[in-house]
Amino acid sequence: RARPYILTTATTGGTYYPVGVAIATIAHAQLAATKGISLTAISSAGSLENVKLLRDNQVQFAILQGPFGAWSWAGEGPISSPQTHMRSVSVLWQNVEHFVLLSELASTGEIMDLDNLDGDRYVLGARNSGADQTGRFIRQTLGIDYENKFNLAYMGYGPTTSALQDGNIVGMNIPAGAPVSSITQAYALLGDRMTILNWTQETMDKLNARYPLWDWYEFPPNTYPNQAELIRTIASPNVLVTRDDIPEEVVYNITKVIWENLATLQEIHGATKDMRLEIAIEGLGAPLHAGAIRYYREVGLEIPERLILEEPPEGV
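Everything quoted here is computed from the prediction, not taken from an experiment.

Q: What's the story with helix α8 (residues 201-208) in this structure? I'm lost.
A: One turn of an α-helix holds 3.6 residues; hence residues three or four places apart share an orientation. Here α8 has its buried residues at Thr203, Met204, Leu207 and Asn208. Along the axis of α8, the buried positions cluster into a sector of 130°, meaning they face one direction only.

As structure tokens, then:
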């Protein structure tokens, strides 16, 4: 009988759940009969809950926003104590930052325009969501006094877009795989009355000083409806993590099956189109599991020292 493992994702409306189901389906099809490894995906409230589920061994694999991998390992941000049992398996697709502001308030069109708000209603995300937590971290790191300058409202992506169209809020934070439908919808209705804020090298360097997780992400003109100019924003990876007590052979086989079936995964969900083996370990916050190390060495990836905690056994 195949040993069952559980992969936790997020709410069914986002990208984590369908991609998690796709990964689990591919892994089960390829590994259940031959290797005795079974994987099932479940929905959850997202990154913060996933950290707890993994800690309590209610699940053995989890998809997290990149910063949650780093926070978990260090015991920082919303994670109160270091999650020393956590190990990275792989970077997945990119979580792209969409910081939106009404154009009339975007004097430079850059991220620091947010520091000029004066009690305006702004949405960072649903309360305690990954978007909310990473949004706070980004603003704190950049020195934007959001607690005094923003009148924070909390809601999911769909209601947020409606609130922007109705004039009830002046902006929103929508981190997601691009292009994201709520931004497409907002652009279609508001056009040049809304702006996705650009990042500068200076603001990205400042954000990356503590955790080097973010990289450039560009939207060529017309990525979104009515978008005339190139937008330069940033993105951090979503990551697949596991527990240190999962056998090396299991993690090796699951890592291998994901990367060897990438074309199938990309057919199932468009967000995974920016997954590439060359960048499979860039932006990881927690060290790699020995099973993942074994696979990446086999395919010739150079693994930085900070990601190696335990060597896979020789001659396996």
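Q: What should I look at first to understand the nonpolar core in this one?
A: Across soluble globular proteins, nonpolar side chains have a tendency to be buried as a group. Formed by 108 residues in total, the largest nonpolar core has its most connected members in Phe61, Leu114, Ile183 and Tyr296. Ranked by residues supplied to this core, first place goes to helix α1 (residues 16-35) with eight residues. Excluding residues that lie within four positions of it along the chain, Ile183 makes contacts with His98, Val100, Met172, Ile174, Met194, Ile196 and Tyr224.

Q: Can you walk me through the sheet that holds strand β8 (residues 171-173) in this structure?
A: A sheet is described by the order of its strands in space; here five strands give the open sequence β7-β6-β8-β5-β9, paired in mixed fashion. Lying at the two open borders of the sheet, with one neighbouring strand each, are β7 (150-154) and β9 (194-196). Neighbouring strand axes in the sheet, compared pairwise and without regard to direction, differ in orientation by 20° on average. Where strand β6 (residues 120-125) lies against β8, two bridges are found, and the strand directions are parallel. Each bridged residue has a counterpart across the sheet, and for Tyr122 the counterpart in β8 is Gly171. Set on the sheet, helix α4 (residues 130-142) makes contact with β5 (99-102), β6, β7 and β8; between it and β6 the angle comes to about 120°. Each of β5, β8 and β9 is contacted by helix α7 (residues 181-190), which is oriented at about 140° to β9, the strand it contacts most.

Q: Honestly, α4 in this entry has me stumped. Any pointers?
A: Here α4 spans 18 Å end to end across 13 residues, near enough to the 18 Å set by a 1.5 Å rise per residue. All of the buried residues along α4 are Gly130, Ala131, Asp132, Gln133, Thr134, Gly135, Arg136, Phe137, Ile138, Arg139 and Leu142. Phi for Gly143, located one or two positions after α4, is positive at around 80°.

Q: Before we go on, may I ask you to explain the pattern of salt bridges in this structure?
A: As a working rule, side chains carrying opposite charge can pair if their charged atoms are close by. By the definition in use, this model includes 11 salt bridges. The salt bridge involving Glu76 is made with Arg210; its shortest N-O contact spans 2.7 Å. Highlighted residues: Glu76 in the loop between α3 (66-74) and β4 (86-96) and Arg210 in the loop between α8 and β10 (215-219), separated in sequence by 134 residues. Relative accessible area serves as the criterion here: at 44%, Arg210 is assigned to the partly exposed category. In this structure, the salt-bridge partner of Arg243 is Asp245, at a minimum N-O distance of 2.9 Å. Here Arg243 falls in the buried class, since its relative accessible area comes to 9%. Given the relative accessible area of 44%, Asp245 is considered partly exposed. Connected via shared salt-bridge partners are Glu248, Glu249 and Arg294.

Q: Looking at this structure, how should I read the packing of α4 against α8?
A: It is at 9 Å that the axes of α4 and α8 come closest, and there the two elements cross at 110°. The pairing of α4 with α8 is recorded here as roughly perpendicular in orientation. Across from Phe137, Ile138, Thr141 and Leu142 in α4, the residues of α8 making contact are Thr203, Lys206 and Leu207. The residue makeup of the contact of α4 with α8, split by class, is four nonpolar, two polar and one charged.

Q: I'm lost on the packing of aromatic side chains in this one. Help?
A: The description of two aromatic rings rests on the distance between their centres and on the angle between their planes. A complete count under the given rule lists 14 aromatic pairs for this structure. Between Phe68 and Trp71, the aromatic rings sit 5.0 Å apart at their centres with planes inclined by 70°, giving edge-to-face as the arrangement. Residue Phe68 and its partner Trp71 are both found in helix α3; the two are separated by three residues, about one turn of the helix. Both residues of the pair, Phe68 and Trp71, belong to the buried class. Seen in terms of ring centroids, Tyr217 and Phe219 are 5.7 Å apart; in terms of plane orientation they differ by 65°. Their pairing is edge-to-face. Take Tyr217 and Phe219: they sit in the same class, and that class is buried. Through a chain of ring-to-ring contacts, the aromatic side chains of Phe68, Trp71, Phe137, Tyr211 and Trp214 assemble into a single cluster. The cationic tip of Arg232 hangs over the ring face of Trp216; the distance from NZ or CZ to the ring centre is 3.8 Å.

Scoring rules and cut-offs
Counting from 1, residues in each chain are numbered in the order their sequence is written. With pLDDT at 70 or above as the cut-off, local features in this predicted model cover only qualifying residues; side-chain atom pairs require 80 or more to be listed or tallied, and sums for whole chains, interfaces and linings still use all residues. Each side-chain value is derived from all of the structure's non-hydrogen atoms; neither hydrogens nor water enter the calculation. Buried residues are those whose accessible area, probed at 1.4 Å on protein chains only, stays under 20% of the maximum for their type, while exposed residues exceed 50% and partly exposed ones sit between those limits. Elements are defined by DSSP. Helices are runs of H or I of four residues or more, strands are runs of E of two residues or more, and each kind is numbered from the N terminus. Directions drawn from the helix axis to the C-beta atoms are what define this arc. The definition of a nonpolar core used throughout is a set of buried Ala, Val, Leu, Ile, Met, Phe, Trp, Tyr and Cys residues joined through side-chain atoms within 4.5 Å. Residue contacts are counted whenever heavy atoms from the two residues lie within 4.5 Å of one another. Two strands are counted as paired when DSSP detects at least two bridges linking them. Comment: axis = line fitted to C-alpha atoms, over the contacting stretch for helices; angle = value between 0 and 180 degrees taken between N-to-C directions. Multiplying one less than the number of residues by 1.5 Å gives the expected span of a helix. We define a salt bridge as a side-chain nitrogen of Lys or Arg found within 4 Å of a carboxyl oxygen belonging to Asp or Glu. Working definition: roughly parallel below 35 degrees, roughly antiparallel above 145 degrees, roughly perpendicular at 65 to 115 degrees, and oblique for all remaining angles. The residue classification treats Ala, Val, Leu, Ile, Met, Phe, Trp, Tyr, Cys and Pro as nonpolar and Asp, Glu, Lys and Arg as charged. All others, Gly included, are polar. Working definition: a ring pair exists when centres of Phe, Tyr or Trp rings (six-membered ring for Trp) sit within 6.5 Å. Plane angles under 30 degrees give stacked, over 60 give edge-to-face, the rest tilted. In this analysis the charged atom, NZ for Lys or CZ for Arg, is taken to sit over a ring once it is within 6 Å of the ring centre and within 35 degrees of the ring normal.

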